[in-house]
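# Coordinate inspection notes
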Number of protein chains: 2
Amino acid sequence: MAGPRSLPLLGPACCAPLVRAPLDAATAADLARTLKALADPARLRLLSMVAAHDGGEACVCDLTEPLGLTQPTVSHHLKVLVDAGLLTRDKRGVWAYYALVPGALDAVAAVLSSQTAPVG
Amino acid sequence: MAGPRSLPLLGPACCAPLVRAPLDAATAADLARTLKALADPARLRLLSMVAAHDGGEACVCDLTEPLGLTQPTVSHHLKVLVDAGLLTRDKRGVWAYYALVPGALDAVAAVLSSQTAPVG
């Protein structure tokens, strides 16, 4: 698996709604990869819990108990989300802190929405 | 596999952005199921081609050539999208015609977006 990468959807193809014009193969492949990272109940809840946490960031230590999963399982899911360009990871002391990549979920939403997203 | 079903995201839990408040387990499971149906390049292109087609509907006969896939493969992907509540299927004569379920993609976009969706 590749390491962390920037979200291709944040590039020039960003935000053109798929219902407006046929998706090209490259954009469809990028979007499918991101959606695959999102398409898991535990990962969706993790994203949501990280976003809702104090200061918009959380460590594994904050996330295992509310989800009822082990620390290695939570760490695995967090790594998938980092690799997909949806979370950032910042190691400070013994813990790594995770936060949403600004605009990443909105970019996915903009492609799925029938509304043209505001630019800027 | 279950047959066609209405999209649970269009129910009462519809459209609350996941970044605003932690997703509950049932909503996360429903959303993950829908995202799994979307998380495939061929299915994303099919949705996009159906939406962009004359009258907002298309039959398998319209979709195989531009995608470069066989008719059974295209039919399989269309069935996954119908089962996920994202496409409707209307059999007329020898062909079945597919169209987007109104609001279904917007409901997914609304949960992923950080903006609260307009209601109504």
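Residues numbered from 1 in each chain as written. Chains lettered and ligands numbered in written order. Predicted model: local features only at pLDDT ≥ 70, side-chain atom pairs only at ≥ 80, totals over all residues. Heavy atoms only, no water.

### What to know about the overall build of chain A
Assigned secondary structure in chain A consists of 5 helices and 3 strands. Ordered by position from N to C terminus, the α and β elements of chain A give α-α-β-α-α-β-β-α. Taken over 120 residues, chain A has a buried fraction of 47%. Residue pairs at least 24 apart in sequence account for 60% of intrachain contacts in chain A once pairs closer than 6 positions are excluded. In the form shown here, chain A has an accessible surface area of approximately 5,700 Å², with 58% of it arising from carbon and sulfur atoms. (Helix = DSSP H or I, 4+ residues; strand = E, 2+ residues; numbered from the N terminus. Buried < 20%, exposed > 50% of the residue type's maximum accessible area, 1.4 Å probe, protein only. Contact = heavy atoms within 4.5 Å. Areas by Shrake-Rupley, 256 points an atom, 1.4 Å probe, with all protein chains shown as cover.)

### Brief notes about helix α4 (residues 71-83) of chain B
Between its first and last C-alpha, α4 of chain B extends 18 Å over 13 residues, near the 18 Å set by a 1.5 Å rise per residue. Within α4 of chain B, burial applies to Val-74, His-77, Leu-78, Leu-81, Val-82 and Asp-83 of chain B. (Expected span 1.5 Å × (residues − 1).)

### Concerning the pairing of strand β3 (residues 95-100) of chain B
Across a regular strand the side chains alternate sides, sitting on one face of the sheet and then on the other. Residues and elements named next belong to chain B. Examined bridge by bridge, strand β1 (residues 57-59) and β3 share 3 bridges and lie antiparallel to one another. Residue pairing for β3: Cys-59 is matched across the bridge by Tyr-97. Summarising the sheet, strand β2 (residues 87-92) and β3 pair through 6 bridges and their orientation is antiparallel. Residue pairing across strands places Arg-89 opposite Tyr-98, the latter belonging to β3. Taken together, β2 and the strand that follows it, β3, pair antiparallel across an intervening segment of 2 residues, in which Gly-93 is found at a positive phi of about 65 degrees. (Pairing = 2+ DSSP bridges.)

### Some thoughts on the relation of the copies chain A and chain B
What connects the two chain copies is a rotation about an axis and a shift along it. Take chain A, turn it by 180 degrees, move it 0.0 Å along the axis, and it overlays chain B with an RMSD of 0.0 Å. Taken together, these values place the two copies in the relation of a two-fold axis. Among all C-alpha atoms of chain A, that of Ala-109 of chain A lies closest to the rotation axis, at 2.1 Å. The share of interface residues of chain A whose copies in chain B are also at the interface is 100%, consistent with both copies meeting through the same surface. (Least-squares fit on C-alpha atoms with pLDDT ≥ 70 in both.)

### Description of the sheet that holds strand β2 (residues 87-92) of chain A
All names here are of chain A. Reading across from one edge, β1-β3-β2 is the order of the 3 strands in this open sheet, with antiparallel pairing throughout. Of all the strands in the sheet, just β1 (57-59) and β2 have a single pairing partner and so form its edges. On average, adjacent strands in this sheet sit at an angle of 30 degrees to one another, irrespective of strand direction. Packing against the sheet, helix α3 (residues 60-67) makes contact with β1 and β3 (95-100), and its axis sits at approximately 80 degrees to β1. (Axes fitted to C-alpha atoms, helices over the stretch in contact; angles between N-to-C directions.)

### Here's the deal with the interface of chain A and chain B
Facing the 33 residues of chain A at the interface are 33 residues of chain B. Our enumeration of links across chain A and chain B arrives at 0 salt bridges. Here chain A is connected to chain B by 12 residue pairs in polar contact (both at pLDDT 80 or more). At the level of secondary structure, the elements contributing two or more residues to the side of chain A that touches chain B comprise α1 (25-38), α2 (41-52) and α5 (104-112) of chain A. (Salt bridge = Lys/Arg side-chain N within 4 Å of Asp/Glu carboxyl O. Polar contact = N/O pair within 3.5 Å; in protein donor to acceptor, adjacent residues only side chain to side chain.)

### Considering helix α5 (residues 104-112) of chain B
Because an α-helix packs 3.6 residues into every turn, residues spaced three or four apart end up facing the same way. Of all 9 residues in α5 of chain B, 8 are buried, a share of seventy percent or more. Buried within α5 of chain B we find Ala-104, Leu-105, Ala-107, Val-108, Ala-109, Ala-110, Val-111 and Leu-112 of chain B.

### Observations regarding the environment of Tyr-98 of chain B
Residue and element names in this part refer to chain B. The residue Tyr-98 is located in strand β3 in this model. On the basis of relative accessible area, Tyr-98 is assigned to the buried category, the value being 5%. Along the chain, Tyr-98 and Ala-16 lie 82 residues apart, while their C-alpha atoms are 28 Å from each other. Look past the residues within four positions of Tyr-98 in its chain and what remains in contact with it is Val-50, Gly-56, Glu-57, Ala-58, Val-60, Leu-78, Val-82, Leu-87, Thr-88 and Arg-89. Only 3.2 Å separates the side chain of Tyr-98 from the side chain of Arg-89, close enough to count as a polar contact.

### Thoughts on the environment of Arg-33 of chain B
Summarising the element assignment, Arg-33 of chain B is placed in helix α1 (residues 25-38). Judged by relative accessible area, which is 46%, Arg-33 of chain B ranks as partly exposed.

### Here we look at the state of the cysteines
All told, the structure shown has 2 disulfides over all chains when counted by the stated rule. Between the sulfur of Cys-59 of chain A and that of Cys-61 of chain A lies a disulfide, 1.9 Å long from S to S. (Disulfide = S-S within 2.5 Å.)

### A look at the sheet that holds β2 of chain B
For sheets, the rule is that strands pair by backbone hydrogen bonds, running either parallel or antiparallel. Residue and element names in this part refer to chain B. Read from one edge of the open sheet, 3 strands run β1-β3-β2, paired in antiparallel fashion. The open sheet has two free edges, formed respectively by β1 and β2, since each of these has just one partner strand. Looking at each pair of strands side by side, their axes are set apart by 30 degrees on average, direction ignored. Against the sheet, helix α3 (residues 60-67) makes contact with β1 and β3, and its axis sits at roughly 80 degrees relative to β1, the strand it touches most.

Limitation: the analysis is restricted to geometry and does not speak to function.
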